[in-house]
Amino acid sequence: MRSSPSCAWRARLARGLAAIAVFVSFPAAALELPRERAVAGGLALVELGPALVAPQVGLDDVPVLVVGRPGGWTAVVGIPLEAEPGGLDLDVRVEGEPPRRLAVAVGPVRYAEQRLKVAPGKVDLSPADLARHERERLRSAEIVATWSALDPGSLRMLQPVPGRRSGSFGLRRVFNDQPRKPHGGMDIAAPTGTPVVAAAAGRVIDTGDYFFNGNTVWIDHGRGLLTMYCHLSSIAVKAGDTVEAGARIGAVGATGRVTGPHLHWSVMLNRTMVDPALFLAGGG
């Protein structure tokens with residue numbers, strides 16, 4: 001006997017619900033996520049629950065990295081260094097549901113202070129150097145806004161060069177007795193010429209010689225996750241190149257504003273610098 005249209009519709013609905021149940025009941029294998037540290041300059045891992053399509057998440061109108069599978073999605077939120085203790089509000093949109101807001105608690109943190117002596121011209125800029133810095137600042141802002149559909153894959157990274165950490169993330173830096181912005185990366189001391197490798201797979205989106213950062217490489221790992229490598233003595237890649245994790249991209253140097261040869265390595269999420277140590281195995 002032929003089934004009625006209503007029976008057929010119920011059967012299709014049952015099959016659809018069963019498929020969703022499979023997604024919910026059997027979450028994907030654990031992703032390699034960074035270590036959570038919900039403070040200024042850290043990151044928060046926010047569980048978003050199951051959905052057939054990845055939710056869209058924003059922080060102050062900036063898209064946030066979302067990873068996972070239909071059985072469960074996670075927002076990986078970069079917390080700005082200037083964030084005060086308290087909370088941040090995420091805008092969350094899930095297909096077929098009304099928009100909602102999720103609060104992210106931000107804890108207190110105190111970073112150390114570092115006093116450095118550099119050439120006076122690297123602190124009190126000449127009109128020509130100031131104009132150059134302004135051009136480079138605008139260029140950097142365009143790079144920082146990069147958002148691509150690349151899949152970051154694992155969110156664990158390699159340390160780009162072996163060596164002693166000579167400057168930690170978040171340091172309140174004072175150059176020639178003049179306070180400047182907090183340190184937005186990890187400094188690793190190593191001899192000039194030591195190979196520097198990509199911390200993770202991605203696409204090179206910019207290279208160049210910057211006034212403060214010296215020879216610099218930017219890599220896009222997808223969906224707002226970027227890395228930056230500064231003060232290089234040489235650059236071995238060009239914009240548009242695809243690199244694997246561990247591929248050589250340059251060599252340690254002392255270009256830009258430095259006190260000696262080292263690599264400055266930064267990691268960025270949703271247009272804000274976060275602590276690179278959170279992406280290293282064991283928290284670095």
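See the structure shown above.
Throughout what follows, the structure given in this document is the object of discussion. Note that the coordinates shown come from a computational prediction; the quantities given were computed from them, not determined experimentally.

1. Quick word on the layout of surface pockets
- Roughly 530 Å³ of internal volume is contained in the second largest pocket.
- If you go around the second largest pocket, you meet 26 residues; those closest to its centre are Pro-55, Val-64, Val-66, Trp-147 and Arg-223.
- Elements supplying a minimum of two residues to the lining of the second largest pocket: strand S2 (56–59), strand S3 (62–63), strand S4 (65–69) and strand S6 (86–93).
- Broken down by element, the lining of the second largest pocket gets its largest block of residues, five residues, from S4.

2. A closer look at the sheet that holds strand S1 (residues 43–49)
- One open sheet accounts for three strands, arranged S1-S5-S4; its pairing is antiparallel. Each edge of the open sheet is held by one strand with a lone partner, namely S1 and S4. Taking each pair of neighbouring strands and ignoring which way they run, the sheet shows an average axis angle of 25°.
- Relative to strand S5 (residues 72–78), S4 runs antiparallel, the two being bridged by five bridges. What sits directly across from Val-66, in S5, is Ala-75.

3. Regarding the pattern of salt bridges
- One pass over the structure, following the stated rule, counts seven salt bridges.
- In this structure, Asp-91 engages Arg-101 in a salt bridge whose closest nitrogen and oxygen atoms are separated by 2.9 Å. Placement of Asp-91 in strand S6 and of Arg-101 in strand S7 (residues 100–106) is noted, with a sequence separation of ten residues between them.
- By relative accessible area, which is 30% here, Asp-91 ends up partly exposed.
- Overall, the relative accessible area of 55% leaves Arg-101 in the exposed class.
- For Glu-134, the salt bridge goes to Arg-137, with nearest N and O atoms at 2.6 Å. Placement of both Glu-134 and Arg-137 in helix H2 (residues 127–144) is noted, with a separation of three residues, approximately one turn of the helix.

4. Thoughts on the nonpolar core
- By size, the foremost hydrophobic cluster in this structure holds 33 residues, and its most contacted members are Tyr-229, Ile-249, Trp-265 and Phe-279.
- Looking at this core, the elements that each hand over two or more residues are S4, strand S12 (186–189), strand S15 (214–222), strand S16 (225–235), strand S18 (248–252) and strand S19 (262–269).
- By residue number, the principal contributor to this core is S19, which donates four residues.
- Once residues within four sequence positions are removed from consideration, Ile-249 is found in contact with Val-196, Val-197, Ala-198, Val-217, Ile-219, Tyr-229, Ile-235, Ala-236, Val-237 and Val-243.
- With 20 residues, the next largest nonpolar core counts Ala-40, Val-57, Leu-59 and Ile-79 among its residues.

Thresholds, definitions, all that
Residues numbered from 1 in each chain as written. Predicted model: local features only at pLDDT ≥ 70, side-chain atom pairs only at ≥ 80, totals over all residues. Heavy atoms only, no water. 1 Å grid on protein atoms, 1.4 Å probe; cavity = no way out; pocket = protein on both sides within 12 Å on 5 of 7 lines; lining within 4 Å. Points joined across faces, edges and corners; volume = space filled by probe spheres on them. Helix = DSSP H or I, 4+ residues; strand = E, 2+ residues; numbered from the N terminus. Pairing = 2+ DSSP bridges. Axes fitted to C-alpha atoms, helices over the stretch in contact; angles between N-to-C directions. Salt bridge = Lys/Arg side-chain N within 4 Å of Asp/Glu carboxyl O. Buried < 20%, exposed > 50% of the residue type's maximum accessible area, 1.4 Å probe, protein only. Core = buried A, V, L, I, M, F, W, Y, C linked by side-chain atoms within 4.5 Å. Contact = heavy atoms within 4.5 Å.

Everything listed is a geometric property; what it means functionally is a separate question.
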